[in-house]
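Chain residues, written in single-letter form:
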Amino acid sequence: MKIILYDTTLRDGAQREGISFSARDKMLIAQKLDRLGIEYIEGGWPGSNPKDIEFFQRACHETFEHATVTAFGSTRKANVNVAEDTNIRALLEAETKAVAIFGKSSVLQVENVLRTTRDENLRMITESCAYVGEHGREVIYDAEHFFDGYKTDPDYALATLRAAIEGNCTVVVLCETNGGCLPSEVKSITEAIVRELDFPLGIHAHNDGGLGVANTLAAVEAGAFHVQGTINGYGERCGNADLCSIIPNLQLKMGHVCITAGQLQTLSEVSHFVSEMANLIPDTHAPFVGHSAFAHKGGTHVNALLKWSDSYQHINPELVGNSQRILVSELAGRSNLLSKIEEFGLGSRLSNDQLKTVMHHIKKLENQGFQFEGAEASVELMLRRAEDGYTPPFDLVDFYAMVENRDGVHNAGLSEATVKVRVGEQIMHTAAEGNGPVNALDQALRKALIPFFPQIARIQLIDYKVRILDPDSATAAQTRVLLESRCGKRTWTTVGSSTNIIEASWIALTDSLEYGLLACPLEETEDEILACEPIE
């Protein structure tokens, strides 16, 4: 069955606490959704705020290959002439080809929220749909609170759908607005509507019970084919049904046609793009599209995966634009390291005994507070250091860091560091001041190394994360430091851990620069650096 996808990220998704899309953000997202193959993009509620007005003005001049931009709004107000209703006029002034109109399906909502009669609510639905349709718009009717309304009074809930159909809408969408129904309820009620109405049905589910995706799939099983949701499940309260899970489940598991295979391969990219536009950190553990969705850590799992890729994966991650990742930790085994050796391009340069030594070292360090899952540069360095004949570019002799507060003046502290490193046969002893002891150490180390390795000037530290592992120990707590570095388009992360935050930072810092010297050799041109792949 062909599934019609309707995205409401720009309206329902924007109602999530903490999200505020600009009109430009909304247009950029709409363009991404169009390329993904979404048929309808709900742009917002015309007239409700200046940003939505600006978006619809821009959308009128934008060409979309697949999508129809849709305006959203309510039925006319009770006891108001439909032609004079300000909301209905705003919907038409948006000049979209499609309009989504929502109305009440629950008797309790009609009486307690609209505070009007049942018959007037039915007239509101029919007249609003008909009037907008008469002005050349496709009308999609959203039956708000439908499932709750059906459970309270099924005859009246059905009557509201018939009222919309009488107004010549093209599809009626059953809305699970409060997100509290179970999939079995959604399926049985949708099946009942299919038996009663010979008319196209849609589903709009919320996630308050953690069942937005499940309820959507249940409705499709029962006969709905128009599917509404948001990217990443963004939405008010606990969010909406997540299209990033709905689309691959419908297409890869249930055999329905949603988008092309090529479009499906952009799903992870779209998910991350919308997160960036929303200024939210992507959910690394999101199904299908999360960075950890196909990450494998347990040694037994990795061993099986190397023999058969489907042994611990429910789909090929490339189908949704994701990739398999093998993690290294205290739970890892020999297979994890063999996978990393292949990934890093180290070939068969390590013996079994060397592998065992590295694995033992990793387990010992993780017990001391290191964490290598997010610091693969440190893992690669351990593997390289275990190779016969590996010579590090520099060796630490010692370091010293000092913080001085002069005259007790706030923010007048001076940080100074000295480092002594061996490069070949030479000992370099340098000092530097910095904005804090870690920055001072970084400056001193760079000063010592740059005469030998000018490319260090291209290596930048771009992120510095500190985590206290045992807060009950207060200032004596074990501390983990993660450093992210960059050279051109290459980025890498290293880790250090100690009860001394300066020592933890120093371990991560020296690993970062050692890895950077391998990743950015002197003879590379800037263009080569920008285009380069991870080191092999």
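Structural data are supplied above this passage.
Read on for a plain summary of the structure. Just so you know, these numbers come straight off a predicted model, no measurement behind them.

Criteria and thresholds
- Residues numbered from 1 in each chain as written.
- Predicted model: local features only at pLDDT ≥ 70, side-chain atom pairs only at ≥ 80, totals over all residues.
- Heavy atoms only, no water.
- Phe/Tyr/Trp six-rings, centres within 6.5 Å; stacked < 30°, edge-to-face > 60°.
- Buried < 20%, exposed > 50% of the residue type's maximum accessible area, 1.4 Å probe, protein only.
- Helix = DSSP H or I, 4+ residues; strand = E, 2+ residues; numbered from the N terminus.
- Pairing = 2+ DSSP bridges.
- Axes fitted to C-alpha atoms, helices over the stretch in contact; angles between N-to-C directions.
- Contact = heavy atoms within 4.5 Å.

1. Things to note about the packing of aromatic side chains
Counted under the stated rule, the structure contains 10 aromatic pairs. Taking 5.5 Å as the distance between ring centres and 70° as the angle between the ring planes, the aromatic pair formed by Phe55 and Phe56 counts as edge-to-face. This pair shows no difference in class: Phe55 is buried, exactly as Phe56 is. Where Phe72 meets Phe102, the ring centres are 5.2 Å apart and the plane angle is 10°; that geometry is what we call stacked. Taken together, the positions of Phe72 in strand 3 (residues 68–74) and Phe102 in strand 4 (residues 98–104) put the pair 30 residues apart, joining distant regions of the chain. The buried category is assigned to Phe102, whose relative accessible area is 14%. Chaining the aromatic ring pairs together yields one cluster made of Trp45, Phe72 and Phe102.

2. Focus: the environment of Glu17
Relative to the elements of secondary structure, Glu17 occurs in the loop between strand 1 (4–7) and helix 1 (23–36). The exposure class of Glu17 is exposed, given its relative accessible area of 77%. C-alpha separation for the pair Glu17 and Tyr234, spaced 217 residues apart in sequence, amounts to 9.3 Å.

3. So, the sheet that holds strand 14 (residues 460–468)
Reading across the sheet, the 3 strands line up as 14-15-16 and stay open at both edges, with antiparallel pairing between neighbours. Where the open sheet ends on each side, the last strands, each with one partner, are strand 14 and strand 16 (490–498). Between one strand axis and the next, the sheet turns by 15° as a mean value, whatever way the strands run. This element, helix 18 (residues 501–519), spans strand 14, strand 15 (479–487) and strand 16 of the sheet and lies at about 150° to strand 16.

Keep in mind these numbers describe shape, not what the thing actually does.
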